[in-house]
Amino acid sequence: MRKQNTLIDLSHTIEDGLVTYKGLPAPIICDYLSREDSKKHYAEGAEFQIGKIEMVTNTGTYIDCPFHRFENGKDLSEVALKRYVDLEAIVINIPYTQTIEITEKHLQGYKIKNKAVLIHTGWDAHWNTEDYYENHPFLTQGATQYLKDADVTLVGIDSHNIDDTRGKARPAHTILLGAEILIVEHLCNLQLLPKDGFTFSAVPPKFKKVGTFPVRAYANIGRKQ
């Protein structure tokens, strides 16, 4: 039997003017050197584009590491590469139509130790609309403590924020990042995944003194043929 891997993209596309988090500036994506302007620098028939991007790090689908929350926490460059790649993963389905407040009771009964836990709420259906930013699904402090105590490796969610943004407290970020458990927010396409039996990857660039950055998050599903 030949085994074939299927990759499923779990990331939103970032484009010029995209608003990810209301109140933060949208990215500006443009030419630094256009193809037309480049012609004068190269031999006839050779032309190139060099792009320029101006954006905050909380743009698109992104990963949070401890430095995002804690001054002395590990930044993107200090987190080991193995923490980002090929993590054994599980999807827990908690539809936002049933609740936006995700508690520890929703997480009980699953084998999550040493796994990346991806919370599928379906909230990504509101992506790039005004509805996306308000009254979104989130993890309670109890749910977050449960995940920490269960020794998960990463927590992802397809919502606007893993915390309740209606208030100023951020217990999910504090508890998880304090335990060096990475967070991925603004996932999508989680409905395409099996409940388990796959790996999850979300790799950011190796930036120093940066705690958050966009990733190309994806699942790797092995199939036998």
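If you're wondering where the values come from, they're calculated on a predicted model, not measured in any experiment.

### Thoughts on the overall build of the protein chain
So, step 1. The helix and strand inventory of the protein chain stands at 3 helices and 13 strands.
So, step 2. Against the compact-globule benchmark of 17 Å for 225 residues, the protein chain has a radius of gyration of 19 Å, which places it among compact chains.
So, step 3. With the principal axes as the frame, the protein chain shows a C-alpha extent of 65 × 55 × 35 Å.
So, step 4. Put simply, of all contacts in the protein chain between residues at least 6 apart along the chain, 75% involve residues at least 24 apart.
So, step 5. Working note: accessible area of the protein chain is about 12100 Å², and carbon and sulfur atoms make up 49% of it.
So, step 6. Positive and negative side-chain charges of the protein chain, numbering 26 and 29 respectively, have mean locations separated by a distance of 8 Å.

### Focus: the pattern of salt bridges
So, step 1. In this structure the tally under the stated criterion is 9 salt bridges.
So, step 2. Its salt-bridge partner being K39, residue E36 comes within 3.2 Å of it at the nearest N-O pair.
So, step 3. Exposure remark for E36: the relative accessible area of 53% places this residue in the exposed category.
So, step 4. Its salt-bridge partner being R166, residue D164 comes within 2.9 Å of it at the nearest N-O pair.
So, step 5. Here D164 falls in the partly exposed class, since its relative accessible area comes to 22%.
So, step 6. When salt bridges that share partners are traced, they join E36, K39 and E47 into one network.

### Some points on the packing of aromatic side chains
So, step 1. The full count for this structure, using the stated rule, is 5 aromatic pairs.
So, step 2. The interplanar angle of 90° and the centroid separation of 5.0 Å between the aromatic rings of Y96 and W123 together place this pair among those described as edge-to-face. Of the two residues, Y96 sits in the loop between strand 5 (87–93) and strand 6 (101–102) while W123 sits in the loop between strand 7 (116–120) and strand 8 (138–139), which places them 27 residues apart along the sequence.
So, step 3. Since its relative accessible area comes to 26%, Y96 is described here as partly exposed.
So, step 4. By way of ring pairs, the aromatic residues W127, Y132 and Y133 are connected into one cluster.
So, step 5. The ring of F70 has R69 lying over it, and the distance from NZ or CZ to the ring centre is 4.7 Å.

### Concerning unusual backbone geometry
So, step 1. In this structure, N114 is a non-glycine residue whose phi angle is positive, near 60°.
So, step 2. You can see N114 is positioned in the loop between strand 6 and strand 7.
So, step 3. The phi dihedral of N135 falls on the positive side, at around 50°, and the residue is not glycine.
So, step 4. Summarising the element assignment, N135 is placed in the loop between strand 7 and strand 8.
So, step 5. Judged by its relative accessible area of 46%, N135 is partly exposed.

### Here's the deal with empty space enclosed by the protein
So, step 1. Per the stated rule, a full pass over the model turns up 1 cavity of 30 Å³ or more.
So, step 2. Of the volumes computed, that of the largest cavity is approximately 40 Å³.
So, step 3. Around the largest cavity, the lining residues are L18, T20, Y21, L24, P25, A26, P27, V56, N58 and T59.
So, step 4. Partitioning the lining of the largest cavity into residue classes produces 7 nonpolar, 3 polar and no charged.

Cut-offs used in this document
Residues numbered from 1 in each chain as written. Predicted model: local features only at pLDDT ≥ 70, side-chain atom pairs only at ≥ 80, totals over all residues. Heavy atoms only, no water. Helix = DSSP H or I, 4+ residues; strand = E, 2+ residues; numbered from the N terminus. Rg over C-alpha atoms; globule rule 2.2 N^0.38 Å. Contact = heavy atoms within 4.5 Å. Areas by Shrake-Rupley, 256 points an atom, 1.4 Å probe, with all protein chains shown as cover. Lys, Arg positive; Asp, Glu negative; His and termini not counted. Charge placed at Lys NZ, Arg CZ, Asp CG, Glu CD. Salt bridge = Lys/Arg side-chain N within 4 Å of Asp/Glu carboxyl O. Buried < 20%, exposed > 50% of the residue type's maximum accessible area, 1.4 Å probe, protein only. Phe/Tyr/Trp six-rings, centres within 6.5 Å; stacked < 30°, edge-to-face > 60°. Lys NZ or Arg CZ within 6 Å of the ring centre and 35° of its normal. 1 Å grid on protein atoms, 1.4 Å probe; cavity = no way out; pocket = protein on both sides within 12 Å on 5 of 7 lines; lining within 4 Å. Points joined across faces, edges and corners; volume = space filled by probe spheres on them. Nonpolar A, V, L, I, M, F, W, Y, C, P; charged D, E, K, R; others polar.

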